[in-house]
Amino acid sequence: MTQWTHVAGKGNRNLKLYALSTCGHCKKTKEFLDESKVSYDYIYVDLLSQDELEKVYSEMKKYNPRGSFPTILIEEIDVIVGARIDEIKRLIDLND
Amino acid sequence: MTESGIGEKEIDLRIKILKEDAKKRGYNLNTDELLVRELVSGILINKKRYGFESCPCRLTIGKKEDNIDIICPCDYREQDISEYGCCYCALYVSEDVEAKKKTAEPIPDRRFERQDSENHKVPDNCAGIKNLRLKYPIFRCRVCGYLCARENPPQICPICKAVSEKFEKYL
Ligand code: SF4
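Residues numbered from 1 in each chain as written. Chains lettered and ligands numbered in written order. Predicted model: local features only at pLDDT ≥ 70, side-chain atom pairs only at ≥ 80, totals over all residues. Heavy atoms only, no water.

Undergrad: Just checking my understanding: could you explain helix H2 (residues 33-50) of chain B for this structure?
TA: One turn of an α-helix holds 3.6 residues; hence residues three or four places apart share an orientation. With 18 residues, H2 of chain B should cover 26 Å at 1.5 Å per step; its first-to-last C-alpha distance of 25 Å lies within 8% of that length. For H2 of chain B, the set of buried residues is Leu-35, Val-36, Glu-38, Leu-39, Val-40, Ser-41, Gly-42, Ile-43, Leu-44, Ile-45 and Asn-46 of chain B. Those residues of H2 of chain B that are buried lie in contact with helix H1 (24-36) of chain A together with helix H1 (8-24) and strand S1 (28-29) of chain B. Backbone geometry just after H2 of chain B places Gly-51 of chain B at a positive phi near 90°. (Helix = DSSP H or I, 4+ residues; strand = E, 2+ residues; numbered from the N terminus. Expected span 1.5 Å × (residues − 1). Buried < 20%, exposed > 50% of the residue type's maximum accessible area, 1.4 Å probe, protein only. Contact = heavy atoms within 4.5 Å.)

Undergrad: Quick question: what am I supposed to make of the packing of H1 of chain B against H2 of chain B here?
TA: Working note: a packed helix pair is described by the angle between its axes plus the distance between those axes. Residue and element names in this part refer to chain B. Here H1 crosses H2 at 110°, and the two axes come no closer than 10 Å. Considering their axes alone, H1 and H2 lie roughly perpendicular with respect to each other. Of H2, the residues touching H1 (which contributes Glu-8, Glu-10, Ile-11, Asp-12, Arg-14, Ile-15, Leu-18 and Lys-19) are Glu-33, Val-36, Arg-37, Val-40, Ser-41, Ile-43 and Leu-44. Among the residues forming the contact of H1 with H2, the class breakdown is seven nonpolar, one polar and seven charged. (Axes fitted to C-alpha atoms, helices over the stretch in contact; angles between N-to-C directions. Parallel < 35°, antiparallel > 145°, perpendicular 65-115°, else oblique. Nonpolar A, V, L, I, M, F, W, Y, C, P; charged D, E, K, R; others polar.)

Undergrad: It is not clear to me how the site of the ligand should be interpreted in this structure. Could you clarify?
TA: What surrounds the ligand is the set Cys-55, Arg-58, Cys-72, Pro-73, Cys-74, Arg-77, Cys-87, Tyr-88, Cys-89, Leu-91 and Tyr-92 of chain B. When grouped by side-chain class, the residues that make up the shell around the ligand number nine nonpolar, no polar and two charged. (Near = heavy atom within 4 Å.)

Okay, structure coming up:
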């Protein structure tokens, strides 16, 4: 089972956050999403079992080939790499 | 204890050591104390989880040998600080960022850029140098560039304190 955690909130767009549990930028990004009260799903890739990790990580690398964190995927189309809060804001607002 | 099982005291102690070392060796820790705390706690969690202190902002996959480059301080710290004003995690920042003349922005990860450490070695066309019959091999610290001529690399880099695995045979 792949362990995505759903955070309930505003909107029903498909927002996915690939994060590392130890990473400061990921934490900042997650805090921003929490504060904006949007609905999203997140996963801590470093906490997965090896099989799951490989599966989830290769899926993530389809969107961000460099494989860096955090990676945010909006509606399976837009990809934001890194804690680029302004860009996340812009894309979330745009889709409102 | 934090939820990660790393004691607050252990984190405090490590931050203190890192701060002192950084000052002594010409580096600066980020002035954002909360961020530093999180990153240091991440490094200690990784040590517990993987057996080595890998970068908290990068995914550690596989054996230690495959991750020597991202043992903190990573091989990319120098270049990132001079180019962007901070290391990838922003644990270490440049003097300007520390003095708040510049801010540390998120930066790209250069780990998987094509820059194998072969690039840093003496190129083949310098045959004269390559064929030198050295009494001792020369080792290079991948973190700070320190060179030394001796039978084996030191246990710890005397300049930046990197572990012996960070040394590559240079000549
Ligand atoms: S020096 Fe490298 S490994 Fe250490 S925190 Fe910074 S980016 Fe991560």
